[in-house]
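Understanding the architecture of this molecule
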Amino acid sequence: MGRTVGGRRGAKWAGVAVLAAAAVAGGVALMAAPAEEYPAAEGWVREPASSKTAPRAAGDPSRAAVSAELDGAAAAAGLAAGPVYPAEEGGTADCIADWTGDGPADEAQLAAMETALEERGWQVMARRGGPVPGVALSSGTWRLEMHNGGLLNTATLVARRSTEPCNEAFRRAEETRGPLG
């Protein structure tokens, strides 16, 4: 991501802001769900498999590669980056990649961002309509939620790696800091 600022305290509040935005958008339960369980969260509708998604190159993408894909997709859609949040620290550092816009996206920008992500190997798994629309995508072990609006009234992309080590790190982090960080 290359957009790290602040220290541990800033990371804590950035995490709270991202989680708050996801919670308002109804996405926290979805982020934790395996790809086959995407429709489990209220309001999400599972998408049929798409043949237009380019297959992911061999191997699972790194956090840096996912961050670059998010930045590239947002740029391809003509979206400007918004607030810079500190990178995660500790055991979850390699498990989350995100991008935050400087405001909400219009429908054409959302469609362009989704297309750009699909061209980079992401597959649409589920969708949710308003008032805060969202798209859930998957690539390798990564699960991505694309939201528009919500508490922060901005376009956001939050990708979470779903592997045993990351799931364990998320569990430990939740136990350590509690539900609000």
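Right above here is the structure, for reference.
Residues spaced three or four apart along an α-helix face the same direction, because each turn holds 3.6 residues. Taking 1.5 Å of rise per residue, 14 residues should cover 20 Å, and helix α5 (residues 164-177) covers 20 Å from first to last C-alpha, within 8% of that figure. Among the residues of α5, Cys166, Ala169, Phe170 and Ala173 are the ones counted as buried. On an axial view of α5, the arc spanned by its buried residues comes to 100 degrees, and they lie on one face. Exposed residues pointing more than 90 degrees away from the buried face of α5 are listed as Glu164 and Glu175.

Let us look at the pattern of salt bridges. Scanning all chains against the criterion turns up five salt bridges. Residues Glu114 and Arg127 are paired through a salt bridge, measuring 2.5 Å at the closest nitrogen-oxygen approach. Placement of the pair is Glu114 in helix α4 (residues 107-119) and Arg127 in strand β3 (residues 123-128), with a sequence separation of 13 residues. The class for Arg127 is partly exposed, based on a relative accessible area of 29%. The closest approach of N and O atoms between Arg171 and Glu168, which form a salt bridge, is 2.2 Å. Pair noted here: Arg171 and Glu168 are both in helix α5, with a separation of three residues, about one helical turn. The network of salt bridges with shared partners includes Glu168, Arg171, Arg172 and Glu175.

The class of Arg171 is partly exposed, set by a relative accessible area of 38%. Along the primary structure Arg171 and Thr92 are separated by 79 residues, whereas in three dimensions their C-alpha atoms are 9.8 Å apart.

At a minimum axis distance of 8 Å, the contact between helix α3 (residues 63-76) and α4 shows a crossing angle of 140 degrees. With respect to α4, the element α3 is oriented oblique. Here α3 and α4 pass one another in a crossing that is right-handed. For the pair α3 and α4, the contacting residues are Glu69, Leu70, Ala73, Ala74 and Ala76 in the first and Met113, Ala116 and Leu117 in the second. Along the lines of polarity and charge, the residues of the contact of α3 with α4 split into seven nonpolar, no polar and one charged.

How each quantity is defined
Residues numbered from 1 in each chain as written. Predicted model: local features only at pLDDT ≥ 70, side-chain atom pairs only at ≥ 80, totals over all residues. Heavy atoms only, no water. Helix = DSSP H or I, 4+ residues; strand = E, 2+ residues; numbered from the N terminus. Expected span 1.5 Å × (residues − 1). Buried < 20%, exposed > 50% of the residue type's maximum accessible area, 1.4 Å probe, protein only. Arc of directions from axis to C-beta. Salt bridge = Lys/Arg side-chain N within 4 Å of Asp/Glu carboxyl O. Axes fitted to C-alpha atoms, helices over the stretch in contact; angles between N-to-C directions. Parallel < 35°, antiparallel > 145°, perpendicular 65-115°, else oblique. Left-handed = near helix turned anticlockwise from the far one by under 90°. Contact = heavy atoms within 4.5 Å. Nonpolar A, V, L, I, M, F, W, Y, C, P; charged D, E, K, R; others polar.

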